[in-house]
Amino acid sequence: MTKTDTTVLQNFINGVWVRSNGSQTLQVPNPATNELLTNVPVSSKEDVNSAVAAAKEAFMKWKKVPVPKRARILFKYHSLLTDNHEELARLIVQENGKAYKEAYGEVQRGIECVEFATGAPTLMMGETLSGIAEEIDSEMFRYPIGVVGGITPFNFPMMVPLWMFPLAIACGNTFVLKPSERTPILANRLAEFFSKAGAPPGVLNVVHGAHDVVNGLLDHEDIAAISFVGSQPVAKYVYGRAAGKGKRVQALSGAKNHHIVMPDADMDKAVQHIISSTFGSAGQRCMACSAVVVVGDNERFVKLLTKKADELIIGNGMDDEVLLTPVIRKEHRDKVLGYIEKGIAEGADLLRDGRSEMSEYSEGNFLGPTIFDHVTPEMTIAKEEIFAPVLSLLRAIDLDEGLEYIRKSRYGNGATIYTNNAKAIRQFREEADAGMLGINVGVPATMAFFPFSGWKDSFYGDLHVNGKDGLNFYTRKKMITSRFDA
């Protein structure tokens with residue numbers, strides 16, 4: 001593990017580390033032990049203004065840098081991240097709490113985002129058509145949009161920032177990153193490596209903080225676009241405030257992902273995928289399975305699921321074989337305990353009570369696997385995102401009823417079906433009201449070259465992160481029409 005550092009983190013502005021002008025700091029503890037790792041500054045709008053000014057000045061030169069030269073810096077960045085893969089994974093475990101294996105996988109997914117961005121010379125290509133009329137040709141060129149602000153969550157402190165700034169910068173933009181105040185350590189390391197890769201000062205800036213930094217980015221007249229990932233209420237707020245000021249916005253929001261288990265499914269594999277999807281990362285991911293629709297009379301599945309939940313190894317993410325790790329803060333666990341009480345009060349059957357493990361792992365923010373059965377769509381635990389190792393089982397007569405549950409959800413991030421029936425698969429594909437679907441897959445998250453395409457209240461905006469959507473979000477098009485009969 002990286003040596004504990006209880007100093008105050010600094011912001012990264014215009015290529016140098018600088019102290020925040022803010023007078024307050026927040027503690028950053030290890031979620032598994034509550035040992036103090038460091039302190040993060042609550043930066044001021046003055047800090048934001050400094051970072052945006054640096055990014056604006058850098059943009060005037062960076063936008064003129066040839067695209068292949070930008071790509072070469074990203075290739076060097078990719079190499080540095082790859083060489084330090086294990087260190088980055090350990091940092092994630094330390095400040096986020098997730099299991100090392102999952103942290104290692106997160107680093108890999110982040111590196112894949114950089115890989116996609118290295119394709120900038122191809123991605124930035126325009127289009128041409130000669131002879132749109134007599135002696136007239138038409139061409140389209142892509143250009144960067146300016147300074148971009150990125151606001152990222154605690155649950156993927158490496159992958160989500162790398163969804164954003166490598167592609168934005170490859171397209172010729174400059175960037176101001178505001179990482180989660182709960183997991184700020186890795187963001188500084190990412191900035192350090194990016195500078196080492198050869199990025200000029202001001203191209204990437206990091207400002208730590210909370211509400212003032214967020215609002216500073218949303219309101220700043222020199223910010224052209226905002227990319228955000230976080231909870232639904234904040235995503236809606238970010239979208240409304242920034243879009244109201246004429247900015248481009250992509251705001252990824254909450255989720256309530258349903259997994260439908262059909263009677264013909266391979267129950268062993270379905271349980272394996274659901275256990276990993278629900279309880280991996282302590283359920284703190286927007287693609288986690290949080291509601292299982294059990295189709296038909298399938299008590300074997302329910303018993304097998306409960307048995308596997310009982311066998312889960314709980315503990316510190318650096319310990320071998322651990323799957324279920326702590327939630328991010330004690331305050332969040334307290335909120336989750338309220339949801340459990342709410343589920344009981346509303347009549348759900350508490351099949352497995354994860355509160356029983358809390359005393360055994362009292363040093364950290366642990367909650368054991370919790371499973372409710374006979375949950376109905378009207379219950380609070382069926383409707384709201386809990387973001388924890390809590391699973392709701394809903395019963396359905398057939399696939400039609402299961403799909404209706406998905407349609408009724410306000411969220412539309414992901415959904416999965418477990419079956420070998422081609423007709424059921426096609427019906428699910430066509431009728432499931434969510435943007436990312438899985439067929440016998442526990443976490444149907446997309447790769448970096450496809451858009452992360454949540455629907456409904458899981459996304460605010462028009463263009464998603466990653467893939468062609470990400471490219472179009474970070475660029476604007478210029479059309480040239482030329483006559484050659486002079």
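Look up a bit, the structure's there.
For clarity, every value in this text was computed on a predicted model and none was experimentally measured.

Participant: Could you clarify how one ought to interpret the environment of L80 in this entry?
Facilitator: As for its position among the elements, L80 is in helix α2 (residues 67-83). Residue classification places L80 among the buried residues on the basis of a relative accessible area of 15%. It is 9.8 Å that separates the C-alpha atoms of L80 and L190, two residues lying 110 residues apart in sequence. In contact with L80, other than residues within four places in its own chain, are F193, K196 and A197.

Participant: Please explain empty space enclosed by the protein as it appears in this structure.
Facilitator: Over the atoms, a rolling probe the size of a water molecule traces out where space has been left empty. Counted under the stated rule, the structure contains four cavities of 30 Å³ or more. Put simply, the largest cavity is a space of about 120 Å³. Taken together, 16 residues make up the lining of the largest cavity; nearest its centre are G283, A288, S290, E385 and F387. Among the residues forming the lining of the largest cavity, the class breakdown is eight nonpolar, four polar and four charged.

Participant: What is the right way to read the packing of aromatic side chains from this model?
Facilitator: Taken as a whole and judged by the stated rule, the model has twelve aromatic pairs. The interplanar angle of 80° and the centroid separation of 4.8 Å between the aromatic rings of Y77 and F194 together place this pair among those described as edge-to-face. Here Y77 is found in helix α2, whereas its partner F194 is found in helix α7 (residues 185-196), with 117 residues between them in sequence. Per residue, the accessibility class of Y77 equals that of F194, and both read buried. Connected via pairs of aromatic rings, a cluster forms that spans Y77, F165, F175 and F194. K98 extends its terminal NZ or CZ atom over the ring of F156, reaching a point 3.8 Å from the ring centre. Stacked on the ring of Y143, the Lys or Arg K478 has its end atom at 4.5 Å from the ring centre.

About the thresholds
Residues numbered from 1 in each chain as written. Predicted model: local features only at pLDDT ≥ 70, side-chain atom pairs only at ≥ 80, totals over all residues. Heavy atoms only, no water. Helix = DSSP H or I, 4+ residues; strand = E, 2+ residues; numbered from the N terminus. Buried < 20%, exposed > 50% of the residue type's maximum accessible area, 1.4 Å probe, protein only. Contact = heavy atoms within 4.5 Å. 1 Å grid on protein atoms, 1.4 Å probe; cavity = no way out; pocket = protein on both sides within 12 Å on 5 of 7 lines; lining within 4 Å. Points joined across faces, edges and corners; volume = space filled by probe spheres on them. Nonpolar A, V, L, I, M, F, W, Y, C, P; charged D, E, K, R; others polar. Phe/Tyr/Trp six-rings, centres within 6.5 Å; stacked < 30°, edge-to-face > 60°. Lys NZ or Arg CZ within 6 Å of the ring centre and 35° of its normal.

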